[in-house]
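# Report on the structure
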Amino acid sequence: MSEDKKPRRIWRAPGKAADAVPEEAAAQAATPVAVETAVEDEFTDMSMDDGFGGQQSVRKAKHFWPSAKRLIGLLAPEKAGIAVVLLFVAAGVLLTVIAPKILGRAMDVIFSGVIGSQLPAGATKEQVVQGLEAQGQDNLAAMVERMNVVPGQGIDFQELGVIIVIVLAMYFVANVFIWAQGFLLNKLVMRVVYKLRKDVEDKLNRLPLNYFDTRQRGDLLSRATNDVDNIQTALQQAFAQLIQSVLTVLGIIIMMFIVSWQLALIALIALPLSGIAAGIIGSRAQGLFASQWKATGSLNGQIEESFSGHDLMKVFGREDESVERFDERNEELYKASFGAQFVSGTIFPVMQFISYLAYVGIAVVGGLRVASGQMSLGDATAFIQYSREFTQPLGQIAGMANQLQSGVASAERTFELLDADEQDPETPTSHLAARTEGHVEFKDVSFSYDPAKPLIENLSFEAHPGHTVAIVGPTGAGKTTLVNLVMRFYELDGGSITLDGVDITALSRGELRSKVGMVLQDAWLFNGSIMDNIRYGRLDATDEEVFEAARATFVDRFVKALPDGYETVIDDEGTNVSSGEKQLITIARAFLANPSLLILDEATSSVDTRTEALVQHAMAALRTERTSFVIAHRLSTIRDADTILVMESGRIVEQGSHELLLEARGAYYRLYMSQFAGPAEDPDVEVAAVSV
């Protein structure tokens, strides 16, 4: 298959015309390497702590804050719902943070009851304290004085029950608030992402074809799918969880200082120590993870190469060498992975150890303060609970910060797509009749994919209704470009193209393309039944019209032999039908559309000789009484063309019928002889036939 004839398929919505992208565009536009380099320059991957002792690859936005601001701006239509979500989060955090303090009161009730039951009944609290001081038990006296104790009275189970009920109610209501905010947030985020997906879809259908020429298909698919999914994850999880964790940390810090500022300082000492430890270990792990990813890529490449070239490897007896290379790369990956996982795995234990050191310090100092009467046992218990709960939201903040950063990077890529320059706006001023004659005329047409490299200059020719015009020439001559210009996949730099005397720029693209049917060399079938694939040419067609199109294009012949007939389901790649059958179905689809203009792009290049005869007969039926553009490599398929154009470097160097051009013994003669009479005089030439 020739380079200038091979279409590059782009992502599009069902119901939109498939755009064939010529290699002339790719040759003069940015190369995949340049595109990939640009993407790598704009977005970098970095290894970061996931908040739980592991490492994860995080894409980093180049312009974080502007992109983050715009991402948050997507939530503007849902600001009322966001306010309710934030209110629920704050209420839930407030109740969760206050609950340990109240639960500490229950501990005081129990402890006071135990101590009170051991004191002489009838004595006052003051008398007990004085007696203890007189006995030299100053610490015990201070502790009793601080306690709400009644000598001779045990545990007040009624008060204890009330406190427990209050705490349980607080935790229950807090979780109701958390559930409610999650429900509301998911609902409004889904609405935002729904609109974002629709905007991306609409944008893709408004972009000019040269946008797809200069970008990798995988990158565009990733922006339209993976990046939007990543934005959804960031908004759903990172947004609320990050706010909740931050508020929880702030609330716990405030409560710890309220309970005991001395113990709070001990607890906060663990923060910088944990940060230093994580930074030192993380920097070491980052380099090891980079080695792991490199080794993984090398091993994957080796595996792919072995499977892809399996037959060749067998032929040359290179199995042992392949296994040896695999073992080497597998060993490299083992060492790199073990080192990376071992080092990164020490982050969590080290942070836990520091946390335990702080916990021990709090327990010891807190116990001394309780024993000296400077602090109640309930407050000490509450503070210990705060210290244990303090590390969890910190880890969540680290993990969610990474997720949020990745989401902003995806948003930046999505916004770049949404901000891309669109194709020229529609300014239709004319309309065509329901059935056009198909008279196409090029008048001094000039076009180039790159202004610095002109491709077509001052080209003129005329295609009369019902005629077949063949275009032949070497790779990059501009053959496929002519068809794309007729379809207005690209806009002219100069001159004009008319259809039945109407300038195509005066028509809407939709109206123009509704008059054109296409059969590409890459037969594309959609996931669905054969009936659905044929009806795709005209969705309002009746079943009988579909059957008629199938009979006219010889589809009916093989469909009848299938168990489910026209209801046979074809997968999205069409792998359960042969190449020739796929091509016949696409011809039937174009036949059903009943276009005024027809473009046939080397429809027989991928079928066997026997099937080619059927395809040729089907195309003959399709070309009857309509203007057809046929792009072909085999000169045998264009002998009956009314006009043959020979192009070189964007210019028509010869034109005429098959017989006249052979008699002229020029460029066409050399092409013909290269195929039928011996070695080609120019090994780089190839042929395209355009029937009009």
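Per-chain numbering applies: the sequence of each chain, read as written, is numbered from 1 onward. Residue-level local features of this predicted model are given only where pLDDT is at least 70; pairs of side-chain atoms are given and counted only at 80 or more, and the full residue set underlies all totals for whole chains, interfaces and linings. Excluding hydrogens and water, the side-chain figures rest on all heavy atoms present in the structure.

Let's shift gears to the overall build of the chain. Counting from the N terminus, the helices are DSSP H or I runs at least four residues long and the strands are E runs at least two residues long. Along the backbone of the chain there are 24 helices and 15 strands. Every residue pair with non-hydrogen atoms within 4.5 Å of one another is taken to be in contact. Sequence separation of at least 24 residues holds for 79% of the intrachain contacts in the chain that already meet a minimum separation of 6. Using a 1.4 Å probe, accessible areas were evaluated by the Shrake-Rupley method; residue-level cover was limited to the displayed protein chains. Accessible surface for the chain amounts to roughly 33,800 Å². Of this, 57% is attributable to carbon and sulfur atoms.

The next subject is the sheet that holds strand S8 (residues 516-519). Here we have 3 strands laid out as an open sheet, ordered S8-S11-S12, and parallel in their pairing. Each edge of the open sheet is held by one strand with a lone partner, namely S8 and strand S12 (627-631). Here the strands of the sheet are splayed against their neighbours by 15° on average, with no regard to which way each runs. Inspection of the sheet shows strand S11 (residues 597-601) paired to S12 by 5 bridges, in the parallel sense. If you follow Leu 598 over to S12, its bridge partner there is Ser 628. Only C-alpha atoms enter the line fits that serve as axes; for helices the fit covers just the stretch in contact. Angles between N-to-C directions range over 0 to 180 degrees. Relative to the sheet, helix H21 (residues 579-593) contacts S8 and S11, its axis offset from that of S8 by approximately 175°. Paired strands, as defined in this entry, are two strands with at least two bridges between them according to DSSP.

By the secondary structure assignment, Arg 369 is in helix H14 (residues 347-371). Taking the C-alpha atoms as reference, Arg 369 lies 8.6 Å from Ala 380; in sequence the two are 11 residues apart. Residue contacts for Arg 369: discarding those within four places in its chain leaves Ser 260, Gln 262, Gln 374 and Met 375.

Glancing now at the packing of aromatic side chains. Pairing of aromatic rings covers Phe, Tyr and the six-membered ring of Trp, with a centre-to-centre limit of 6.5 Å; geometry is then stacked below 30 degrees between planes, edge-to-face above 60, and tilted otherwise. In the structure shown here, the tally under the stated rule is 12 aromatic pairs. Measuring from centroid to centroid gives 4.9 Å for Phe 547 and Tyr 566, while their planes differ by 55°, and the two rings are tilted. You can see Phe 547 sitting in helix H19 (residues 543-552) and its partner Tyr 566 sitting in the loop between helix H20 (555-559) and strand S10 (569-570), a full 19 residues away along the chain. Relative accessibility decides the category of a residue: with a 1.4 Å probe and only protein chains considered, values under 20% of the type maximum give buried, values over 50% give exposed, and everything between is partly exposed. Its relative accessible area of 12% is what places Tyr 566 among the buried residues. Of the aromatic side chains, those joined through ring pairs into one cluster are Tyr 334, Phe 338 and Phe 342. To sit over a ring, a charge needs its Lys NZ or Arg CZ within 6 Å of the ring centre and within 35 degrees of the ring normal. The ring of Phe 415 has Arg 70 sitting right over it, with the charged end atom 4.2 Å from the ring centre.

To continue, consider the nonpolar core. Formed by 82 residues in total, the largest nonpolar core has its most connected members in Leu 185, Met 256, Phe 383, Tyr 386, Val 440, Phe 442 and Leu 482. Broken down by element, this core gets its largest block of residues, 10 residues, from helix H10 (residues 226-259). Not counting the four nearest positions on each side in its chain, Leu 482 is found in contact with Phe 442, Ile 456, Leu 459, Phe 461, Ile 471 and Met 647. Note on terminology: a nonpolar core comprises buried Ala, Val, Leu, Ile, Met, Phe, Trp, Tyr and Cys residues joined through side-chain atoms within 4.5 Å. Membership of the second largest hydrophobic core comes to 28 residues, among which are Ala 541, Val 546, Phe 558 and Val 630.

As a further point, take the environment of Ser 514. Along the chain, Ser 514 turns up in helix H17 (residues 509-514). According to the relative accessible area criterion, Ser 514 is partly exposed, its value standing at 49%. Taking the C-alpha atoms as reference, Ser 514 lies 9.9 Å from Met 487; in sequence the two are 27 residues apart. Think of a polar contact as two N or O atoms within 3.5 Å of one another; within protein, one of them needs to be a possible hydrogen donor and the other a possible acceptor, and neighboring residues in sequence only count if both atoms come from side chains. Separated by 2.6 Å, the side chain of Ser 514 and the backbone oxygen of Glu 511 make a polar contact.

Moving on to the environment of Ile 266. One can find Ile 266 in helix H11 (residues 261-308). Looking at Ile 266, the relative accessible area reads 25%, which means it is partly exposed. A sequence separation of 92 residues divides Ile 266 from Ala 358, and the C-alpha atoms of the two residues are 6.5 Å apart. Those residues in contact with Ile 266 that sit more than four places away from it in its chain are Ala 358, Gly 361, Ile 362 and Val 365.

A sheet is described by the order of its strands in space; here 4 strands give the open sequence S4-S3-S6-S7, paired in antiparallel fashion. Either end of the sheet is taken by a strand with one partner, and the two such strands are strand S4 (456-463) and strand S7 (502-503). Strand direction decides the pairing type here: strand S3 (residues 440-447) and S4, joined by 5 bridges, are antiparallel. Paired with Phe 442 across the two strands is Phe 461, which belongs to S4.

It is worth spelling out the pairing of strand S6 (residues 494-499) at this point. Of all 6 residues in S6, 5 are buried; the element is thus mostly enclosed. Alignment of S3 against S6, held across 5 bridges, turns out to be antiparallel. In the sheet register, Lys 443 faces S6, and the bridge partner there is Ser 496. Both S6 and S7 contribute to a ladder of 2 bridges, which runs antiparallel. Each bridged residue has a counterpart across the sheet, and for Leu 499 the counterpart in S7 is Val 502. The antiparallel hairpin formed by S6 and S7 contains 2 residues in its connecting segment, where Asp 500 sits at a positive phi of about 55°.

You can see Arg 589 is positioned in helix H21. Setting aside residues no more than four positions away along its own chain, Arg 589 makes contact with Trp 524, Leu 525, Phe 526, Asn 533, Ile 534, Tyr 536 and Gly 537.

Here we come to H10. Expected helix span is computed as 1.5 Å times (number of residues minus one). Taking 1.5 Å per residue as the helical rise, H10 with its 34 residues ought to reach 50 Å, and the 47 Å between its terminal C-alpha atoms agrees with that figure. Fitting axes to the seven residues that end at a residue and to the seven that start at it, the angle between those axes gives the bend at that residue. A maximum bend of about 30° is found in H10 at Ala 234.

To continue, consider the pairing of strand S13 (residues 643-648). Taken across its 6 residues, S13 has 5 buried, putting it largely inside the fold. Relative to S13, strand S5 (residues 469-474) runs parallel, the two being bridged by 4 bridges. When the sheet's bridge partners are listed, Ala 470 is paired in S13 with Ile 644. In this structure, S13 lies alongside strand S14 (residues 651-656), joined through 5 bridges in antiparallel fashion. Opposite Val 646, over in S14, you have Glu 654 as the bridge partner. Between the antiparallel neighbours S13 and S14 lie 2 residues, among them Ser 649 with a positive phi of about 55°.

Glancing now at unusual backbone geometry. Unusually for a residue other than glycine, Arg 488 sits at a positive phi of about 60°. Relative to the helices and strands, Arg 488 is located in the loop between helix H16 (479-486) and S6. Unusually for a residue other than glycine, Phe 554 sits at a positive phi of about 65°.

pLDDT is defined as a per-residue confidence score from the predictor, taking values between 0 and 100. Confidence in the prediction of the chain, expressed as mean pLDDT, is 79, and 85% of residues score 70 or more. Ranking the elements of the chain by mean pLDDT puts helix H2 (residues 32-42) last, at 37, and S6 first, at 94. This stretch, residues 1-57, has a pLDDT under 50; its non-local contacts, to residues over four places away or in other chains, come to 160 contacts. Confidence drops under a pLDDT of 50 for residues 678-692, and excluding neighbours within four residues, the segment shows 74 contacts in the predicted structure.

For the rest of this paragraph, the subject is the packing of helix H5 (residues 125-134) against helix H6 (residues 138-146). Close contact between H5 and H6 brings their axes to 8 Å; oriented N to C, the two are set at 165°. On the basis of their axis angle, the class for H5 and H6 is roughly antiparallel. The two elements H5 and H6 meet at a crossing, and its hand is left-handed. On H6, the residues touching Lys 125, Val 128, Val 129, Leu 132 and Glu 133 of H5 are Asp 138, Leu 140, Ala 141, Val 144, Glu 145 and Arg 146. All residues other than Ala, Val, Leu, Ile, Met, Phe, Trp, Tyr, Cys, Pro, Asp, Glu, Lys and Arg, Gly among them, are scored as polar; the first ten of these are nonpolar and the last four charged. Class assignment of the residues belonging to the contact of H5 with H6 gives a composition of 6 nonpolar, no polar and 5 charged. In what follows, roughly perpendicular refers to angles from 65 to 115 degrees, roughly parallel to angles under 35, roughly antiparallel to angles over 145, and oblique to any angle outside these ranges. Left-handed describes a crossing whose near helix is turned anticlockwise from the far helix through less than a right angle; right-handed describes the clockwise counterpart.

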